[in-house]
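Each chain, written out:
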Amino acid sequence: MELNLALGFGLVTASILALGAVGFTLQFGITNIFNLSFGQVMTVGMFAAYLINVQGGQSLWVGVLGGALAGAVVSGFLNKTVFMPFLRRGVSLDGIIIVSLAVGLVLENVMLAFAGPSFKAYNQPRTHSIHVLGMILTVQQLLIIGISVAALVGLHLLLRQTRLGKAMRATAANAGLARTSGIATDRVTMIAWCLSGALCGAAGVTFALNLATFDTTTGSSLLLVVIAAAVFGGVGQPYGAMLGALVIGLATEFAALVSPNLKEVIAFAILVVMLLVRPDGLIPSAATKETMGAR
Amino acid sequence: MTTAWQFYFITLLTYSGVNIIAAWALNLQYGLGGILNFAFIIFQAVGAYAAAVLTLGPAGGITTFQTYVGGAHLPWLLALVVATLAGGVLALLVGLVALRPKRTDYQGMVLLTVAIIAAVVVTDEKGWLNGASGLVGVPKPFNESLGLGLIEYGWFYVGVVAVAVVLVFIVIHLLTSSPWCRQVRAMREDPVAAEALGLNVPARRLQVFVIGGAIAAFSGALLVGYIGSWSPGAWGPGETFLLFVCIVVGGLGNNFGAAVGSVLVLTVLFNGLAYLPIFSYTTAAEALQLVLLGLIVIAFLWFKPRGLFPERRRRFAFPSAGPDRGTAVAVEEAR
Amino acid sequence: MIASESDPAGADRRVQPAAGILEVRDLHKDFGGVHALAGASFYVEQGTITGLIGPNGAGKSTLINLVSGFTPPGSGQVVYDGEDITGHSAHQIARLGLVRTFQLSSEFARLTVIENLLTAVPDQRGSTVLAALRGKRYWRRAEEESVARAREFLGRFGLTDVEDLYGAELSGGQKRLLEISRALMGRPRVLLLDEPFAGVNPTLAREVEDILRALRDEGMTIVLVEHEMGAIDRLCDTVVVMAAGTVLAEGSMAEIRENQEVVDAYLAG
Ligand SMILES: Nc1ncnc2c1ncn2[C@@H]1O[C@H](COP(=O)(O)OP(=O)(O)O)[C@@H](O)[C@H]1O
Ligand SMILES: [Mg+2]
């Protein structure tokens, strides 16, 4: 019984993590930038949904869409005004991580100055629980799983079936080569940033929804687990990130059965074991191979 | 000077000393070694916790309101040494795992994860280090034997910190002016090429990491001696970022720059405002301060990426025929 | 000068008698589906210059990466000076005297030219933590000696005037020279050079050729990858032709020229 319950919660957590981890990793795969301001982009999504849902009186699901949209806009804007210019300037990837931390700090504290430190909650319709395969889930939780699955299937189709997806994969594999073969890599990169932002925004809203309350720091705490999932799968690998999200999502909820405090510990333990066995993630990215000495 | 202002300066000077030491340690790791240690603050934290429990005495007794492990009544100097070693040992353990990925940015992500998890675990496990409330009532070093008044003791502790800064400077200076550090910088520039020249890059990274971790712990032990309490609130990942700001502003790879940066950013901009005894601090004001800090970092990385005092170009004198023979060692020269 | 004191490895570590100072036996390496190396074997005599040629993608760089320990081998053996070094780490192999350079220049950008060279001195006094803590007086003398030796190399490679420039401030050609001289500071017995003349102007390249020949005459063994056949012709005692991950032919340049298969491979490649 309890196991089934944990399985259900695990799937919900995994769905949220998968949105975030795939978002985090998609942008990384193309630009090689570890963007630590995605945590705050998630928070932006939460607040956008809050404005739509609580101030605007719209349905929560419009809020999720709005959160994704806000994430996409902010992420695209940051690419255009901050990350792209720094990259053009030849700032090292390590330096850009520090830039992304600074961007996150600015975003978070601007939100704090406006919204204050109090916790916020969405207006959720009271719903009943549904029994599915022995798991007990609320309608909201089922919808979260649905949103995640739909978004990821959509992304899969985009990557595999469309010209844009092909261009994105080519840019991820070798940007220089892609450019010389006539792919508008700047545009592809911009689209990747927006897509990543949208996924992160959606992850933020669904996370806050599942958590019941949030504040300006909720996104940055979610980012940690998201990164663990992304690193687990091999950063830059969307499918690895999905797998990482599933493993970490399930493991944390099962660990919570033993003790709620074990949640984060288990995410960490998985990461450590992973690093000892495969230091560069389950599926090492092309970029990782490149730096391994073959040059 | 009024008592309030004396306290203000005692606090600022003590914090400055601690921050300068920490900035040197981070500069060794990141500025010179290229290790993105986003977990830096946990090494300062372990030093503080170690010094605290080792001087607080066994848990229970008069301190029943807090629970922790490893309580003892060590003399402060011994506790300081053990705390420093604890930082080194923790760095060794963390480094063995977190430095395994070949990419430094990847290592940075793992370290960030470690830092946040460490904070969560220490907060949750109330039995270890008293959880979120942290430890209080840490004895002030030498306080009992000296029997000074509060202000006098404050100035005395400023002196202790000054001695500590000098000691750490000597160690840092010996390390950073040596052939060892040249190889560390080579590893930062191009670890693959360094490996091709016969340098054991993973081992050397670990050395840098452990030394930096030990110095960070030393700074933590000094800090807790002054403030007398230590809790997870004092060592969030944001604190690590502040130290990165210091060395980016001051100049990566330059010890003088790191010190100046930490004084400018932490002493003047941060603590200088926060502890001013003339107005109280609001959430909005603090938020705007942090926004300003973020903008400063972005501006520096854009306009002055090497900081106020860039890493120095080291020149080698030609052995002259004159009496000053034998100076073909590096002479640092600012450019 | 360049030391080449013969230093027989422990007799017990010796494997099947090897031909020459360096021998590769049936090396295989796959990247995903690509057979970068598919059974490459050849050997190198001490005190010779061996040219490694072949079309792009033939597996030359992969071979160098495997021999120098930067890429773990799929299967096969690398025998250096009678010792099986397959799977040793890159820095161990370099310390044994088998030093490589890279196809893409890999200077230490924010170290000065002379610092670049000093980095490569094996067991430089003061390059351990404990020695560093003993202070300048402990390592100063050794440092002076290394500086003097580095200056000799800088002179030999025409880099004296740029001693205090950062690696990043050099021209493309100067960077190649810096890399070669840096490798030499490690007193290698075998030097593996991956396209050392790429980006070096022809006059300078000729001077470097002279230096390499002189090094060989002092007893050093050199293996180099090069596309310019003139240079191969002038420099190499032996030429190894690679194609599709295997050794197509091996011999003197004159013999290779006669070989129809090689001509075809190049025309096809
Ligand atoms: N790290 C790697 N990952 C995937 N494929 C590689 C890698 N290194 C080399 N290859 C492939 O192996 C083959 C041989 O490459 P290489 O050794 O660089 O050839 P050469 O140096 O002779 O031009 C090529 O097809 C190349 O694409
Ligand atoms: Mg090649």
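This one's a predicted model, so the numbers in the text were calculated from it and none came from an experiment.

Caption draft 1: View of the packing of helix α2 (residues 38-55) of chain A against helix α9 (residues 218-233) of chain A. All names here are of chain A. Relative orientation of the contacting elements α2 and α9 amounts to 130°, with a least axis distance of 7 Å. By the criterion of interaxial angle, the relationship of α2 to α9 is oblique. Read as a crossing pair, α2 and α9 show a hand that is right-handed. Contacts between α2 and α9 pair F38, G39, Q40, M42, T43 and M46 from the former with T218, G219, S220, L222, L223 and V226 from the latter. Of the residues belonging to the contact of α2 with α9, the class tally is six nonpolar, six polar and no charged.

Caption draft 2: Quick look at the site of ligand 1. The local shell around ligand 1 holds 12 residues, among which G57, G59, K60, S61 and T62 of chain C are the closest. Neighbouring residues of ligand 1 are not confined to one chain but are distributed across chains A and C. Between an oxygen atom of ligand 1 and a main-chain N or O atom of G59 of chain C, the distance comes to 3.0 Å. Notes on ligand 1: free accessible area 560 Å², of which the protein chains cover 69%. Listed by contribution, the elements that provide at least two residues to the shell around ligand 1 are β2 (34-44) and α1 (60-67) of chain C. Tallied by class, residues from the shell around ligand 1 come to six nonpolar, five polar and one charged.

Caption draft 3: Broad picture of the sheet that holds strand β8 (residues 221-225) of chain C. Residues and elements named next belong to chain C. Strand order in the open sheet formed by six strands is β6-β7-β8-β3-β9-β10, and the pairing between neighbours is mixed. What marks the edges here is a single partner per strand, and that holds for β6 (98-100) and β10 (246-251). With direction set aside, neighbouring strand axes in the sheet form an average angle of 15°. Against the sheet, α1 contacts β3 (49-53), β6, β7 (190-194), β8 and β9 (238-243), and its axis sits at roughly 130° relative to β3.

Caption draft 4: Here's a closer look at the coordination of the magnesium ion (ligand 2). Residues and elements named next belong to chain C. Coordination of the magnesium ion (ligand 2) by the protein comes from S61 (OG) and Q103 (OE1), over a distance range of 2.1 to 2.4 Å. Pair noted here: S61 is in helix α1 and Q103 is in the loop between β6 and α3 (113-119), with a separation of 42 residues, a long-range link. By relative accessible area, Q103 is classed as partly exposed at 28%.

Caption draft 5: Structural detail: helix α10 (residues 201-227) of chain B. Here α10 of chain B is 27 residues long and its end C-alpha atoms lie 39 Å apart, about the 39 Å a rise of 1.5 Å per residue gives. Counting buried positions along α10 of chain B yields 22 of 27 residues, so the element is predominantly enclosed.

Caption draft 6: Representation of helix α1 (residues 2-31) of chain A within the structure. Residues and elements named next belong to chain A. With 30 residues, α1 ought to run about 44 Å at 1.5 Å a step, and its terminal C-alpha atoms sit 43 Å apart, in line with that. Most of α1 is tucked away: 23 of the 30 residues are buried. Positioned one or two residues after α1, N32 has a phi angle of 70°, which is positive.

Caption draft 7: Spatial organisation of the interface of chain B and chain A. Residue-level contacts link 42 residues of chain B with 45 residues of chain A. Of all residues in chain B, R103, Y106 and W302 of chain B bury the most surface against chain A, accounting for 18% of the area lost on that side. Here chain B and chain A share three residue pairs in polar contact (both at pLDDT 80 or more) between them. Its residues placed into classes, the side of chain B that touches chain A shows 30 nonpolar, five polar and seven charged.

Caption draft 8: Main features of the pattern of salt bridges. With the rule as written, the count across this model stands at 22 salt bridges over all chains. Between D186 of chain A and R88 of chain A there is a salt bridge, with the nearest N and O atoms lying 2.9 Å from each other. Pair noted here: D186 of chain A is in helix α8 (residues 185-211) and R88 of chain A is in helix α3 (residues 60-88), with a separation of 98 residues, a long-range link. The closest approach of N and O atoms between E209 of chain C and R234 of chain C, which form a salt bridge, is 2.8 Å. Residue E209 of chain C is found in helix α7 (residues 202-217), and its partner R234 of chain C is found in helix α8 (residues 229-235); the two are separated by 25 residues along the sequence. A residue is classified by how much of its surface remains accessible, and E209 of chain C, at 2% relative accessible area, is buried.

Caption draft 9: Expanded view of a positive patch on the surface. Residues and elements named next belong to chain A. Residues R160, R163, K166 and R169 make up a contiguous surface patch of positive charge. A total of three residues in the positive patch trace back to one element, the largest contributor, which is helix α6 (residues 163-173). Judged by relative accessible area, which is 78%, R163 ranks as exposed.

Caption draft 10: Structural view of the interface of chain B and chain C. Taken together, the contact between chain B and chain C spans 42 residues of the former and 43 residues of the latter. Counting the surface lost from both chain B and chain C, the interface buries some 3700 Å², and carbon and sulfur atoms represent 60% of this. Three residues, R182, L197 and R313 of chain B, lead the burial of chain B against chain C; their summed loss comes to 19% of the area buried on that side. There are four salt bridges connecting chain B and chain C. For the salt bridge of E143 of chain C with R182 of chain B, the shortest nitrogen-to-oxygen distance reads 2.9 Å. Counting only elements with at least two residues in the side of chain B that touches chain C, the list comes to α7 (150-176), α8 (179-189), α9 (191-196), α10 and β1 (313-316) of chain B. For the side of chain B that touches chain C, the leading source of residues is α8 of chain B, giving eight residues.

How each quantity is defined
- Residues numbered from 1 in each chain as written.
- Chains lettered and ligands numbered in written order.
- Predicted model: local features only at pLDDT ≥ 70, side-chain atom pairs only at ≥ 80, totals over all residues.
- Heavy atoms only, no water.
- Axes fitted to C-alpha atoms, helices over the stretch in contact; angles between N-to-C directions.
- Helix = DSSP H or I, 4+ residues; strand = E, 2+ residues; numbered from the N terminus.
- Parallel < 35°, antiparallel > 145°, perpendicular 65-115°, else oblique.
- Left-handed = near helix turned anticlockwise from the far one by under 90°.
- Contact = heavy atoms within 4.5 Å.
- Nonpolar A, V, L, I, M, F, W, Y, C, P; charged D, E, K, R; others polar.
- Near = heavy atom within 4 Å.
- Polar contact = N/O pair within 3.5 Å; in protein donor to acceptor, adjacent residues only side chain to side chain.
- Areas by Shrake-Rupley, 256 points an atom, 1.4 Å probe, with all protein chains shown as cover.
- Pairing = 2+ DSSP bridges.
- Donors = N, O, S within 2.8 Å, 3.2 Å for Na, K, Ca; no water.
- Buried < 20%, exposed > 50% of the residue type's maximum accessible area, 1.4 Å probe, protein only.
- Expected span 1.5 Å × (residues − 1).
- Buried area = accessible area lost by both parts, 1.4 Å probe.
- Salt bridge = Lys/Arg side-chain N within 4 Å of Asp/Glu carboxyl O.
- Patch = residues over 30% accessible without salt bridge, like charges linked within 9 Å, V, L, I, M, F, W, Y side chains within 5 Å.
- Lys, Arg positive; Asp, Glu negative; His and termini not counted.
- Charge placed at Lys NZ, Arg CZ, Asp CG, Glu CD.

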